[in-house]
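Summary of the model geometry
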Amino acid sequence: MEKTELIGLSKDELAAQIEAIGEKPFRAKQLWQWIYYRGETDFEKMSNLSKDLRAKLAEHFTITRPKIVTEQISSDKTHKWLLEFADGQRIETVYIPEEDRGAVCISTQVGCAVGCRFCHTGSQKITRNLTAGEIVSQFMVARDAYGEWPSPTSETRYLSNIVVMGMGEPLHNPDNVIKALKILSDGEGIAISKRRITLSTSGIAPKIPLVATELGVKLAISLHAPNDEKRSQIMPINDRFCIDEVLKACQKYQDVMGFSRMITFEYLMLKDFNDSPEDAKELIALMKKYKLGAKFNLIPFNPWPGCNYQPSSNNKVHAFSRMLEAAGYEAPIRVARGQDILAACGQLKSKNQ
Ligand code: SAH
Ligand code: SF4
C-alpha cells in the first residue's frame, strides 16, 4: 500500500484522511499541531498520541522533507538550499536575514514558462509545477535549519516573512500556491501572518484578483518598463497581458484589499534600456493614470553567466529613485543579497552549471 504524504494537505483533507483510518476528527487537529506548529517529522515522538495510534499513523502516512542537495551561506549570511523532491526534480530556496528578522524566498515551479530575457530561471524553460506540499516544505526546511520550532511568537522569530519570489511564476500554478500559502499562514501551525507574505507575479492579469479574494497577502508586480513596447522586449508575457490589463487587475486587488494596501512595483534597472529620466517620467504618468496605491522597488540587475544585459550605474539608479520619490512614491533601491553564491533575484536555477 502506498503511504499518503501529509505535508500539503488542507485541514479538511487531513481530517478526511484521519477519518478514513477510523480515527476521531480531533486527532487531525493534534496531528496538524505536531506537523506545523512543532515541526515534528517522526510519528513516534508525538507524545500525546497512544502507542497504537502512532504505529497506525506510521503505517499509512509519511511526513517528508525534501532532500537537501547542497546548502551555501554567503558572506552576507544569505542562505541558499538546493532541494530535491521525490522524483529527482530540484529547486532553490533562499533565506535573506535582516537585523532581527528575515524573509524566506520560496519557489513555485521547476523552471518557468514566462521566459523573461533578464532572468536565469526563465532561461531554463518549465519542467513542472510544484505541489502545495513541495511549496510548504521549503519553508519548513528553513525553519529546521534555524531551529524555529515550535512556531515562535511573531515578534521573536528570525524567519518572519515569506516572499514568493523564487523560481517560477506563482500565478501559473495558482491552486497549489493558494493552498500552500493558506497552510503557511494558518494560526494553529506555522502562522506567518498574511501581512508578512508577498506574492510577486510577472502579471498574469486574470489571476491577480485571486491574490486578494483567496489569500489577502501582499502583491508585487514585476513591471520593469514604463510602456508596452519596452516591456514586450524583455518580457514576452506582455504580449499576452499588456500593461493596461495588468494595472486594471491591480485596481481589482485594491478594490478588495483597500487602497492603503500598497502594491509594490518591481523595476529592474537595465543599463541604457529603461533607466533614463524620460523613462521615469513615463512611469510616473502611468501610475497617476491608474490611481493605484503604489510604491516601487528598484532592483539592481544581477548578471548571470550568458545574460545580455548590464546593470545601470549607481548614479542613474539614484536619480531614477529621486524622481519617483519627488512624485510621491516610495522608491527604495533593493540591496542585492547573496550574490557571491548566486542566490540573488533572478539567479536561481535547478541545475549546478
Ligand atoms: N515569477 C515571479 C516571481 C519570481 S522572480 C516574477 O517574475 O515576479 C522575482 C523577481 O526577481 C522579479 O521581480 C524578477 O523580475 C526579478 N529578477 C529576475 N531576474 C533578475 C535579475 N537577473 N536581476 C535582478 N532581478 C531579477
Ligand atoms: Fe519567470 Fe519571474 Fe523569471 Fe520572469 S522573472 S522568467 S516570470 S521567474
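Residues numbered from 1 in each chain as written. Chains lettered and ligands numbered in written order. Predicted model: local features only at pLDDT ≥ 70, side-chain atom pairs only at ≥ 80, totals over all residues. Heavy atoms only, no water.

**Comments concerning the site of ligand 2**
Worth spelling out the cut-off: Each residue is tested against the molecule or strand, and it is near if at least one of its non-hydrogen atoms lies within 4 Å. Side-chain classes follow a simple rule in which Ala, Val, Leu, Ile, Met, Phe, Trp, Tyr, Cys and Pro form the nonpolar group, Asp, Glu, Lys and Arg form the charged group, and the remainder, Gly included, forms the polar group.
Close to ligand 2 lie Cys112, Val114, Gly115, Cys116, Phe118, Cys119, Gly122, Gly168, Glu169 and Ser202. Here the residues of the shell around ligand 2 are counted per class, giving 5 nonpolar, 4 polar and 1 charged.

**Some remarks on the site of ligand 1**
Definition in use: Here a polar contact is recorded for every N or O atom pair within 3.5 Å, except that within protein the pair must consist of a potential hydrogen donor and a potential acceptor, and residues adjacent in sequence are included only if both atoms are side-chain atoms. What sets the accessible areas is the Shrake-Rupley method with a 1.4 Å probe; for residues, cover comes only from the shown protein chains. The secondary structure listing takes helices from DSSP runs of H or I that are at least 4 residues long and strands from runs of E that are at least 2 residues long, numbered from the N terminus.
As a structural note, the neighbourhood of ligand 1 is formed by 20 residues, with Gly168, Ser200, Ser222, His224 and Asn302 the closest of them. His224 is positioned with one of its side-chain polar atoms (N or O) 2.5 Å from an oxygen atom of ligand 1. Asn302 is positioned with one of its backbone polar atoms (N or O) 2.9 Å from a nitrogen atom of ligand 1. For ligand 1, whose free accessible area comes to 530 Å², the fraction covered by protein is 96%. Among the secondary structure elements, those contributing two or more residues to the shell around ligand 1 are strand E10 (197–201), strand E12 (263–269) and strand E13 (294–300).

**Side note on the packing of helix H1 (residues 11–20) against helix H2 (residues 25–37)**
Short version of the rule: Note on definitions: angles span 0 to 180 degrees between N-to-C directions of axes, and those axes are lines fitted to C-alpha atoms, for helices only across the stretch in contact. Note on angle classes: values under 35 degrees are labelled roughly parallel, values over 145 roughly antiparallel, values of 65 to 115 roughly perpendicular, and the remainder oblique. Take the far helix as your reference; a near helix turned counterclockwise from it by less than a right angle gives a left-handed crossing, and one turned clockwise gives a right-handed crossing. We call two residues in contact whenever any of their non-hydrogen atoms come within 4.5 Å of each other.
At a minimum axis separation of 8 Å, H1 and H2 run at an interaxial angle of 125 degrees. Overall, the two elements H1 and H2 adopt an arrangement that is oblique. As H1 runs across H2, the sense of the crossing is right-handed. Of the residues in H2, those in contact with Lys11, Leu14, Ala15 and Ile18 of H1 are Arg27, Ala28, Leu31 and Trp32. Of the residues belonging to the contact of H1 with H2, the class tally is 6 nonpolar, no polar and 2 charged.

**Points about helix H3 (residues 51–60)**
Here is the rule we go by: Three exposure classes are used, based on accessible area relative to the maximum for each residue type with a 1.4 Å probe and protein chains only: buried under 20%, partly exposed in between, and exposed over 50%. Arc definition: it is the arc formed by the directions from the helix axis to the C-beta atoms.
Residues of H3 that are buried: Leu53, Arg54, Leu57 and His60. Along H3, the residues classed as buried sweep out an arc of 135 degrees about the axis, all on the same side. Relative to its buried face, H3 has exposed residues pointing more than 90 degrees away, namely Lys51 and Asp52. Packed against the buried residues of H3 are strand E1 (4–5), H1, H2 and strand E2 (61–62).

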